Every structure is written in C-alpha cells, then in structure tokens.
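# Tertiary structure, described
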Amino acid sequence: MNGRMYWRQQAVPVLVQVICLCAASLYLRALGITWVQLLPLVLAYMGSLLLWNLLRFYRKRNYFHKMAVLMESLDEKYLFPQVWKGAGSWEEAGYYCLLKECTKSMLEETEEARRVQMEYQERLETYVHDMKQPISVVSLIAGREKNRENRAVLLELEKMNHLLEQILYFGRSESAHSDFMIQKVNTGDVIRECLSLNKQLLIQNRVSLDIPDTIPGVYADEKALLFVLNQIIYNAVTYQKPGEVPRITISWLVLNGKESGIWDGRETPGDKLLLQVRDNGCGISPEDLPRIFEKGFTGRNGRENRRSTGMGLYLCKKICGRLGIGLSASSEKGIYTQINICLPILSEK
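Summarised in this report is the structure supplied together with it. (Residues numbered from 1 in each chain as written. Predicted model: local features only at pLDDT ≥ 70, side-chain atom pairs only at ≥ 80, totals over all residues. Heavy atoms only, no water.)

Scanning the protein chain from terminus to terminus reveals 11 helices and 7 strands. Here the protein chain holds 349 residues, and the buried ones make up 35% of them. (Helix = DSSP H or I, 4+ residues; strand = E, 2+ residues; numbered from the N terminus. Buried < 20%, exposed > 50% of the residue type's maximum accessible area, 1.4 Å probe, protein only.)

Written out as structure tokens, the structure is:
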C-alpha cells in the first residue's frame, strides 16, 4: 500500500476535522478562554488525530501485505477469496463477500464450460472412431483388385484417415487433460507403421526412401510419436519439388558424444536421440521458417498449395511440448526441409 496515496485519500477528512477544531477554538475563545489555555487541548487533539491515522495506515498496509503474501503462495490464484479469512471490519467483510460471490459464479461458469468441452471431445473422438471403421472396410474392398481406380480410392482413404487423426488430436490438444502414456517405444517399428499408413501416398508419388536398418528405442507415447511422424512424412510428400524424384531420408544420432549410426545398444542416463527427417522438396522460405509451428500459419507454400490448413505442424509442436520432446526445423528454399525430433532414451540401468 502506498503511503502517499493513503494520505491523499485522508486529506479531506483531516481537513474537515482541523476546520472543526479551529471553529471550536474560536468559540471557546469567545467565551473568555485564553490561547494559553486552549493550546494543550489543540495539541492533544492534533496529536491524537495524527496517531490514529498512523495506526490506521500501518494496519491497512499489513492487511494488504498479508493478502499479497497469500496470493503469491497460491498456484490457482482465482481461489484466493475461498481461502482468505482476514476481513477485520464491516467494510472489508462486505467487499470480501462480494468478491467471494463473484469468484463462485466464475468457478461455476468455468466448470460448465469444462463439462461442455469434455462432452464435445467425447463426441469428437466417437465420431472419428466411427468414421475409421467404414474407411477400413472400403480400404479392404478397394485393395482386393489392383487397378488404377482402386489405387486412387486407397490414396484418398489415406488422406481421409490423415485428416481424421488431425481432428482427433486437435480436440485433445485443446483439453487440459490427455491420455498420453510414456513408455519404452521401438522407434523402428513406429517408423515402419508410419510408412505403412502412407503406403499409397508414397507409392503413387514414387517417393524414394532412405531408412536406417537399426535405431535406438526411445521413451515416449507411441501413438503421439506416430502422429508426429505421420504429419512430417505427409508434408514431405505434399510439398515436393516439381520435376524431381521425391526423396525422404531418415537418419539419427545420439546426443551424448556419439556419432550418427554408432550405437552399442547400451544407454546411459541423459542420452537423447535426435531423429532427422529430411526431404528434397520445395523447402521453406527464410521469412516463413520461424512461424511454421504457429496455429493456422500456411506461409508462401500454403498459398500455392490450397490444401494446406496450417494445423499439422502446430499440433505436432503442441504434442511434443506436452511430452517434453524437442521439435525444430531447418530448410533452404528449393533444396531441402529437415525436421528434427529430440527424444529421450530410457536407460536400462
């Protein structure tokens, strides 16, 4: 609490009391009381007035200091009115009751919004799972006979499945809760599953793949890692360079003084696996590169490719942030784009 502000607020009441004291002194002087007799009364009154205001100021300052300390100690600061019990006057009690009612109303509204969001997320997940079943059935039917039309159908079904996964993870990313399960993951199996999910996309675009034979396991959520890799592979094929054979290279290195491809199968605490996915596509312009993980950002490539939504890499960044996974990108326009995923290796020791 600021002392200057307090005394500025008290200036009018103090001035009124001083005027009243002067008026009383003049009246007593008219009754014949000398100034010498009035002086002790005036000094006592002014001293009492000053002392009362000083005590009131220190009491108010301590009151607000306790409030500030309690507020600082709370993680959920909106719960302050529920735990503060320091009202010492009727005025403070009145403000406290009003604040408590406002907070109660806010918590009720927040809880209702959370309930509606949970219902929306449940309906969204149910819709996505229900849509995946007919997609799987149509894929089986289209896969029975290998011809041009059926391959085109399979490709579109892969795209539908990709978009459904985006919708599912977008709904989950907006929720405060998540069902991530961190465990030891076979990175090679996740990469192979990702390539299998994009089989038609890779085949029909004649993509050349360069994949390591062995790769260390990591500590992550398998489904989330699969989604991130799926989005990166999809982008690598989508933003290819015209007139050149698309190529995707997956490499890795362990960030603990070991070189890429040299790994003896023994992990040590603190090791990180840097998974690198590189393509020879159209690349990203320097002015767009810092913003590719922003929500809804499509950049120059997105304007040229109208199918771009600007949500894929945003979701990847948000998921990786929740899992403690590093995600970054490097690129040179017209030459390459490389996405780097930094994952912890779980020590067996």
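Still to come is the rest of the account.
A separate point is the packing of helix H9 (residues 222-238) against helix H11 (residues 312-323). Axis separation between H9 and H11 bottoms out at 10 Å; the angle between their running directions is 150 degrees. Between H9 and H11, the crossing angle belongs to the class labelled roughly antiparallel. In this structure, the crossing between H9 and H11 has a hand that is left-handed. Only Gly-312, Leu-313, Leu-315, Cys-316, Ile-319, Cys-320 and Leu-323 of H11 make contact with H9, whose side of the interface consists of Ala-224, Phe-227, Val-228, Gln-231 and Asn-235. Residue classes in the contact of H9 with H11 are distributed as 9 nonpolar, 3 polar and no charged. (Axes fitted to C-alpha atoms, helices over the stretch in contact; angles between N-to-C directions. Parallel < 35°, antiparallel > 145°, perpendicular 65-115°, else oblique. Left-handed = near helix turned anticlockwise from the far one by under 90°. Contact = heavy atoms within 4.5 Å. Nonpolar A, V, L, I, M, F, W, Y, C, P; charged D, E, K, R; others polar.)

With that out of the way, let us pick up a nonpolar patch on the surface. A surface patch of nonpolar side chains, about 360 Å² in accessible area, is lined by Trp-7, Leu-50, Leu-54 and Tyr-58. The dominant element in the nonpolar patch, judged by the number of residues it contributes, is helix H3 (residues 35-73), at 3 residues. Checked against the element boundaries, Leu-54 lands in helix H3. (Patch = residues over 30% accessible without salt bridge, like charges linked within 9 Å, V, L, I, M, F, W, Y side chains within 5 Å. Areas by Shrake-Rupley, 256 points an atom, 1.4 Å probe, with all protein chains shown as cover. Salt bridge = Lys/Arg side-chain N within 4 Å of Asp/Glu carboxyl O.)

Take the pattern of salt bridges next. This model, assessed by the stated rule, comprises 8 salt bridges. Across the pair Glu-244 and Lys-241 runs a salt bridge, and its minimum N-O distance is 3.1 Å. Exposure remark for Lys-241: the relative accessible area of 22% places this residue in the partly exposed category.

In this section: the packing of aromatic side chains. Counting across every chain of the model gives 2 aromatic pairs. Seen from their ring centres, Tyr-169 and Phe-227 are 4.3 Å apart, and the 25 degrees between their planes marks the pair as stacked. You can see Tyr-169 sitting in helix H6 (residues 148-173) and its partner Phe-227 sitting in helix H9, a full 58 residues away along the chain. Note on Tyr-169: relative accessible area 4%, which makes it buried. The class of Phe-227 is buried, set by a relative accessible area of 4%. One cation-aromatic arrangement involves Lys-317 over Phe-293; the distance from NZ or CZ to the ring centre is 5.0 Å. (Phe/Tyr/Trp six-rings, centres within 6.5 Å; stacked < 30°, edge-to-face > 60°. Lys NZ or Arg CZ within 6 Å of the ring centre and 35° of its normal.)

With respect to the element layout, Gln-231 can be found in helix H9. Among the polar contacts made by the side chain of Gln-231, one reaches the side chain of His-162 at a distance of 3.3 Å. With residues up to four places along the chain from it excluded, the contact list for Gln-231 reads His-162, Gln-166, Gly-312, Leu-313 and Cys-316. (Polar contact = N/O pair within 3.5 Å; in protein donor to acceptor, adjacent residues only side chain to side chain.)

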